[in-house]
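Fold and geometry: a report
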Amino acid sequence: MNNMKFTFITAFILGLFSCTEKKREEIPTAFREVHTYQLNLDRFTSPTEDYYQYVKNWKGQEAYAFHVMGKEEIKLYNLGNGALIETLAYGDNQPNLQSGIHDFYILNEDSIFLNRRRAYKVYLINQEFEIVKAMDFMGKNDEIDKNTGWPKSKETFMPVWSRNRFFRKIGDKIFVSGAPNIIASSVDAFNTKTSLNSYSFGTEEITPLLGYPEEMQGKIWGEFFKMISSDYSQEDFFVHSYAADERVYITDRAMNLIHDFEAFPEGHKKVPPLTLKEIENSDALLSHWQDNDLFGSIHWDPYRELIYRIMEEPNVNYNKDMLRDPLERARNMVVMAFDAKQDYRKVAEMRLKKSEKGIYLDRCFVNEKGFNITYVDLENEDKLYFKTFLVE
């Protein structure tokens, strides 16, 4: 009798494993490295600048741009030969923009957007560094709280588009990510609708467009999980990725949901919200960020009709003293590709590990060659690389 019982249990367990194997997602293709770009950085440009942009065409050259804040300059490097093309010294040429500029966006050679965050203003300048338009993101009836330095209205947001956050001019509007003036340890921080907003050039109307998924609302996730990454397709749809959400969302320009799908790697563990005990402990807040998977940037590939999503794995070497160094706190990354032609099925997945020789960073762009991911050579930080991958 005991033998029969043992045999039955063994068969049942094996059956469970068999079912699990059948349900495991098969990925028919893989990423392959096909190319490497090398930029020869000058002594002022760091390989980990927080403000950067891929520029498809700058005076006939494919370029990559960095904002060097300490010098009030934007530097453009040629992706073809790695050389510095041009330095846009806006601080020397425009006295009204000599401090406080963070984010930038190059629309073309004669239209560059500069963001003075703490003033809640975005400026459009031309190639002569003249201010063409100043956009005010402070509510007309709002005022600054003397105790906090923040606007009093919770509807006012700070325009922010560094580190994979979104900025784009589409038609007669700009679409920009917004940081609400709400403490991240508050439930209200994840009930906001200012994560993505539009600004009308004609009417100067500001419209909040995007908030957090219902599953994230009413809970506290902390500052580092507030990140929302978006991309826009010329076919007139957006793709959105939330740092603590397993799903990817596709919307129209008004942020009406068109489609959503699961988009996480094998072995991923769902990120939990913060507990009341963690909220009251600053070390626990940092540990929560470092000890969990973190979904990063998302990219639409119009050449191959793919969506790429980055996930950063937990930082096994975490300690609170290293957080200021972006190279020290870098994590291993998982890169995934989803095919729009196959109902957004995952078609490729790869893991990029950091080593003593170099690390990958979640600073990516798409071009005709493929999906390009930043790589820093720790033995020579004057050279910045972009490794190009294709799904094959």
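Fair warning: this is a prediction, and the values are worked out from it, not measured in the lab. (Residues numbered from 1 in each chain as written. Predicted model: local features only at pLDDT ≥ 70, side-chain atom pairs only at ≥ 80, totals over all residues. Heavy atoms only, no water.)

Here we look at the sheet that holds strand 7 (residues 111-116)
One open sheet holds the four strands; their spatial order is 6-7-8-9, and the pairing between them is antiparallel. Sheet topology places strand 6 (101-108) and strand 9 (131-136) at the edges, where each strand pairs with a single neighbour. Here the strands of the sheet are splayed against their neighbours by 20 degrees on average, with no regard to which way each runs. Direction of pairing for strand 6 relative to strand 7: antiparallel, over a ladder of five bridges. Looking across to strand 7, one finds that I101 is bridged to R116. (Pairing = 2+ DSSP bridges. Helix = DSSP H or I, 4+ residues; strand = E, 2+ residues; numbered from the N terminus. Axes fitted to C-alpha atoms, helices over the stretch in contact; angles between N-to-C directions.)

Quick word on the side chain of T194
For T194, the position within the fold is in the loop between strand 12 (173-180) and strand 13 (196-200). Not counting residues up to four positions away in its chain, the partners in contact with T194 are E155, F157, G178, P180, P208 and L210. (Contact = heavy atoms within 4.5 Å.)

So, the packing of aromatic side chains
Inspection of every chain in the model, using the stated rule, returns 29 aromatic pairs. On the basis of an interplanar angle of 10 degrees and a centroid distance of 4.2 Å, the ring pair of Y308 and F371 is categorised as stacked. Here the residue Y308 occupies a position in strand 20 (residues 306-312), and F371 occupies one in strand 24 (residues 370-377), the gap between them amounting to 63 residues. F371 shares its class with Y308; the two are buried. Here a set of aromatic residues connected by ring pairs shows up, and it is made of Y37, Y52, Y54, Y64, F66, Y77, F365 and F386. Of note, K387 hangs over the ring of Y375, and the distance from its end group to the ring centre comes to 5.1 Å. (Phe/Tyr/Trp six-rings, centres within 6.5 Å; stacked < 30°, edge-to-face > 60°. Buried < 20%, exposed > 50% of the residue type's maximum accessible area, 1.4 Å probe, protein only. Lys NZ or Arg CZ within 6 Å of the ring centre and 35° of its normal.)

Here we look at helix 4 (residues 282-290)
Within helix 4, burial applies to A284, L286, H288, W289 and Q290. Structurally, helix 4 contributes buried residues whose contacts are with helix 3 (276-279) and strand 19 (294-301). Two or three places before D283, at the opening of helix 4, N281 has a side-chain oxygen 2.9 Å from that residue's backbone nitrogen. (Polar contact = N/O pair within 3.5 Å; in protein donor to acceptor, adjacent residues only side chain to side chain.)

Here's the deal with the pairing of strand 12
For strand 12, the buried fraction is high: six of the eight residues fall into the buried class. Sheet topology places strand 10 (residues 157-159) next to strand 12; three bridges connect them, and they run antiparallel. Opposite F157, over in strand 12, you have P180 as the bridge partner. Relative to strand 12, strand 11 (residues 167-170) runs antiparallel, the two being bridged by four bridges. Following the sheet pairing, K169 is matched in strand 12 by I174. For strand 12 and strand 13, the ladder comprises five bridges, and the chain directions are antiparallel. When the bridges of strand 13 are listed, V176 appears paired with N197.

So, the sheet that holds strand 5 (residues 84-88)
Overall, antiparallel pairing links the four strands, which are arranged 2-3-4-5 in an open sheet. Edge positions in the sheet fall to strand 2 (52-58) and strand 5, since each has one partner strand and no second. Mean inter-strand twist for the sheet, computed between neighbouring axes without regard to direction, equals 25 degrees.

Focus: the pattern of salt bridges
Tallying each qualifying case throughout the model produces 22 salt bridges. With a shortest N-O distance of 3.8 Å, K226 and E223 are connected by a salt bridge. In this structure K226 comes out as buried when scored by relative accessible area, which is 12%. The partly exposed category is assigned to E223, whose relative accessible area is 44%. Across the pair E312 and R331 runs a salt bridge, and its minimum N-O distance is 3.7 Å. (Salt bridge = Lys/Arg side-chain N within 4 Å of Asp/Glu carboxyl O.)

Quick notes on the confidence of the model for the chain
The pLDDT averaged across the chain works out to 90; a share of 93% of its residues lies at or above 70. Across residues 1-23, confidence stays below pLDDT 50; counting only partners more than four residues off in sequence or on other chains, it has zero contacts. (pLDDT = per-residue confidence, 0-100.)

Re the environment of M135
You can see M135 is positioned in strand 9. Between the C-alpha atom of M135 and that of Y199, which follows or precedes it by 64 residues, the distance is 8.5 Å. Non-local contacts of M135, meaning those with residues more than four positions away in its chain, are made with F113, Y120, K121, V122, Y123, L124, I174, Y199 and F201.

Describing the pairing of strand 17 (residues 247-251)
In terms of residue burial, strand 17 counts as a mostly covered element, since four of its five residues are buried. Pairing geometry for strand 16 (residues 237-242) and strand 17, over four bridges, is antiparallel. Looking across to strand 17, one finds that F238 is bridged to T251. Linkage of strand 16 to strand 17, two consecutive antiparallel strands, is achieved through a turn of four residues. Two strands pair when backbone bridges link them, and strand 17 and strand 18 (residues 257-262) are joined in this way by five bridges, in the antiparallel orientation. Looking at strand 18, one finds that I250 is bridged to H259. Where strand 17 hands over to strand 18, the hairpin turn is made up of five residues, of which M255 adopts a positive phi near 70 degrees.

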